[in-house]
Amino acid sequence: MNILGISDGRINSGACILQDDQLKHCVSEERLTRKKQQGVFPRRSVETVLRETKMSYGDVDAIVFGGILTPNILVRSFRFLTGASMGNYKHPGLKDILLEVLEHRLGITSVKPHSIPGKVQKRLLPYLLRKDLAPQLWGKEICLVDHHHAHAASAFYTSGLRKALCITCDGMGDGVFLTVNLAEGTSIKRIHEIDCQHSLGEYYTLVTSYLGFRPHLHESKVTGLAAYGTTQKVDTPFPFHITSKIWSYNGSFGRAGLKQLSQAYNGYRGKDIAAWLQHHTERSLVRLVRHWVRKTGVRNIVLSGGVFANVKLNQRIHEIQGVEHLYVFPQMDDAGLAAGAALAYRQPDTCRLKNVFLGPKYDNIQIRQELETGGLQYEKHGNIDREVARILAQGHVIARFNGRMEYGPRALGNRSILYRANDPSVNDWLNRRLGRTEFMPFAPAVLSSDASKCFTGVAGAEEAARFMTITLNCTKWMKTHCSGVVHVDGTARPQLVRKQENPSFHRLITEYKQLTGLPCVINTSFNMHGEPIVCAPSDAICTFDVAGLDYLAIGDFLVKRKT
Ligand SMILES: [Fe+2]
């Protein structure tokens, strides 16, 4: 059975093919349009996943969308009625407009954010969605899966666990910001949810905006900045009232929310506000997870939703007493709803995600053609990984483009910039070269067999650390020998590399270790600031040139920067 999964959110859309129980191909629209976090109908993603899996439109058995009351679908469809545009989107006002349109202008009554009536789900929305699909797909079955249920499915069905407590948390989706689910076998049952009016995710985004960063994009900068500040220096009550039974936000969002923040934070330094926000975010969600671990007795935790891009928070959840295993779906933001929706529809037996190399790939013929077109001089190598290791050991920066692109926000070796991890000044000069301002240091890719030499508290976090979705405390050895990747709070955000997941990247680091004695290298995403990670060879060549990197290893070819 071939299922086409689609994420059609207002931020970060994408598509996937689930063939029987296996994710065959997944891609986010931003990688193809080259517009960061693009939220349009993912037309190019749909074309790409079908082409790359060699499927025709006729091979698709069902089309499944992640999200029911997805603003994008309705805004696109009802713009003529509401006068609303994406530029006017304000939470939660637009939701009210859309509900009003459904209830009063279209005569569909009893519409509640959590319970969209069957005829809307089964008839109206599929009708609207069909207009965006290729005509050859119009006759196919179309289903919609609740936003948070799709997040939950993405985490549970790829976790490899038979039973888990599944937590989803984001800004908002289908009227909800957080859900707690009990997942067992093939079933996922929601046992708790919190309305989006009390969204901690939206509040984190609001503060991100207040601190001068781009909302929905730079929240991780706030997480990194927090390590430099002092929580106690902000003498302001956290605007959430949280007990085991109550979760309530006492403030506003949007412009009114920003006004409240400017009054509450007046006179405080940005880094202290970031520390205060991160502290309360961790505390609140740890409290909630601890409560549900105790109540259900389930000790395996699986997470998805944009809030769990917060690697520091994930470390705190892993450290909760009683938690045995933690797994975070690597494409935790809304682009991952494509995979989540397809998995929710299929309800497969849970199976472990083998790797995230689920995107497009390019062979040596295509790569050579692009190199020729770009007028670059190159050498072909029989063992490119050994050559890259040798160049790294000499102290050069090298971009690596190899095999299939990663699914999710992290580059895990196939679209990465690599450098030695023992240069403490690297964060200043390499970030400057890439046009980035980051507060968290570059992340290390570490041989999995050396994990305990580099980190403490690895047990139970191995699955999260495979995909760079958690921070871990560094050992004294790591702090001494790989200082370039250790944050001021003594943590790092590792990728534990196993041979079976990416044999060539594993071989590269192994060769590097033989040359230097160090089992890790810096692995940062191959892109300039504000751009998506490179996808095609032409993107790689362009970024290599603009960033002024020393070397580019692309397929079996090595390009040296002209001096
Ligand atoms: Fe979401």
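The rules behind the values
- Residues numbered from 1 in each chain as written.
- Predicted model: local features only at pLDDT ≥ 70, side-chain atom pairs only at ≥ 80, totals over all residues.
- Heavy atoms only, no water.
- Helix = DSSP H or I, 4+ residues; strand = E, 2+ residues; numbered from the N terminus.
- Buried < 20%, exposed > 50% of the residue type's maximum accessible area, 1.4 Å probe, protein only.
- Donors = N, O, S within 2.8 Å, 3.2 Å for Na, K, Ca; no water.
- Pairing = 2+ DSSP bridges.
- Axes fitted to C-alpha atoms, helices over the stretch in contact; angles between N-to-C directions.
- Contact = heavy atoms within 4.5 Å.
- Salt bridge = Lys/Arg side-chain N within 4 Å of Asp/Glu carboxyl O.
- Core = buried A, V, L, I, M, F, W, Y, C linked by side-chain atoms within 4.5 Å.
- Parallel < 35°, antiparallel > 145°, perpendicular 65-115°, else oblique.
- Left-handed = near helix turned anticlockwise from the far one by under 90°.
- Nonpolar A, V, L, I, M, F, W, Y, C, P; charged D, E, K, R; others polar.

Focus on the overall build of the protein chain
Along its length, the protein chain carries 20 helices and 23 strands. Out of the 563 residues in the protein chain, the part that is buried amounts to 60%.

Observations concerning the coordination of the iron ion
Ideal geometry at a metal gives 109.5 degrees between four tetrahedral donors and either 90 or 180 degrees between six octahedral ones. Taken together, the protein donors to the iron ion comprise H147 (NE2), H151 (NE2), D170 (OD) and D334 (OD), at separations of 2.1 to 2.2 Å. Within one chain, the residues serving as donors to the iron ion are arranged as H-x3-H-x18-D-x163-D. Of this pair, H147 and H151 both sit in helix α6 (residues 147-156), 4 residues apart, which is roughly one turn of the helix. H151 carries the same exposure label as H147, and that label is buried.

A look at the sheet that holds strand β4 (residues 62-66)
Across the sheet, 5 strands lie side by side as β3-β2-β1-β4-β5; this open sheet has mixed pairing. At either margin of the open sheet sits one strand with a lone partner, and together these are β3 (22-28) and β5 (141-145). Averaged over all pairs of adjacent strands, the angle between strand axes in this sheet comes to 20°, irrespective of strand direction.

Details of the environment of H381
By secondary structure assignment, the location of H381 is in the loop between β13 (379-380) and α14 (384-393). Under the relative-accessibility criterion, H381 is labelled buried at 15%. H381 sits 177 residues away from L558 along the chain, and the two C-alpha atoms are 7.3 Å apart. In this view, H381 contacts E387, D556 and L558; residues no more than four positions away in its chain are not counted.

Re the pairing of β3
Two faces, one strand: in a regular strand the side chains alternate between the faces of the sheet. β3 sits mainly inside the fold: 5 of its 7 residues count as buried. Where strand β2 (residues 14-19) meets β3, 6 bridges bridge the pair, whose relative direction is antiparallel. Pairing of C16 across the sheet is with C26, part of β3. The antiparallel hairpin formed by β2 and β3 contains 2 residues in its connecting segment, where D20 sits at a positive phi of about 55°.

Overview of the sheet that holds strand β12 (residues 325-328)
Strands pair in a sheet through their backbones, by hydrogen bonds, and they do so in one of two ways: parallel or antiparallel. If you walk across this open sheet you meet the 5 strands as β8-β7-β6-β11-β12, and the pairing is mixed. At either end of the open sheet lies a strand with only one pairing partner, and these are β8 (187-195) and β12. For this sheet the average axis-to-axis angle between neighbouring strands, irrespective of direction, equals 20°.

Side note on helix α12 (residues 337-346)
Taken across its 10 residues, α12 has 8 buried, putting it largely inside the fold. Turning to α12, its buried residues are L337, A338, A339, G340, A341, A342, L343 and A344. Buried residues along α12 sit in contact with β1 (2-7), β2, β3, β4, β5 and α6. Downstream of α12 by a residue or two, Q347 has a phi angle that is positive, lying close to 50°.

Quick notes on the pattern of salt bridges
The final tally for this structure, using the stated rule, is 23 salt bridges. Among the ionic pairs, E52 bridges to R51, the shortest N-O distance being 3.9 Å. A salt bridge links R190 to E193; the nearest nitrogen and oxygen atoms lie 2.7 Å apart. When its relative accessible area of 32% is taken as the criterion, E193 is described as partly exposed. Each member of the salt-bridge network shares a partner with another, and the members are R352, E463, R466, R498 and E501.

Points about the nonpolar core
Within the largest apolar cluster, 110 residues are counted, with the highest numbers of intra-cluster contacts made by Y203, I301, I317, F455 and L549. No other element matches the 10 residues that helix α10 (residues 270-296) contributes to this core. With residues up to four places along the chain from it excluded, the contact list for I317 reads V286, V289, I301, L303, F308, V323 and L326. If you look at the next biggest cluster of nonpolar residues, it comprises 38 residues, including L161, C166, L343 and F357.

Topic: the packing of helix α7 (residues 200-210) against helix α9 (residues 254-264)
At a closest axis distance of 10 Å, the pairing of α7 and α9 adopts a crossing angle of 65°. With respect to each other, α7 and α9 are oriented roughly perpendicular. Seen along the crossing, α7 lies across α9 with a hand that is right-handed. Here Y203, L206, V207, S209 and Y210 of α7 come into contact with α9, specifically with G254, G257, L258, L261 and S262. Here the residues of the contact of α7 with α9 sort into 6 nonpolar, 4 polar and no charged.

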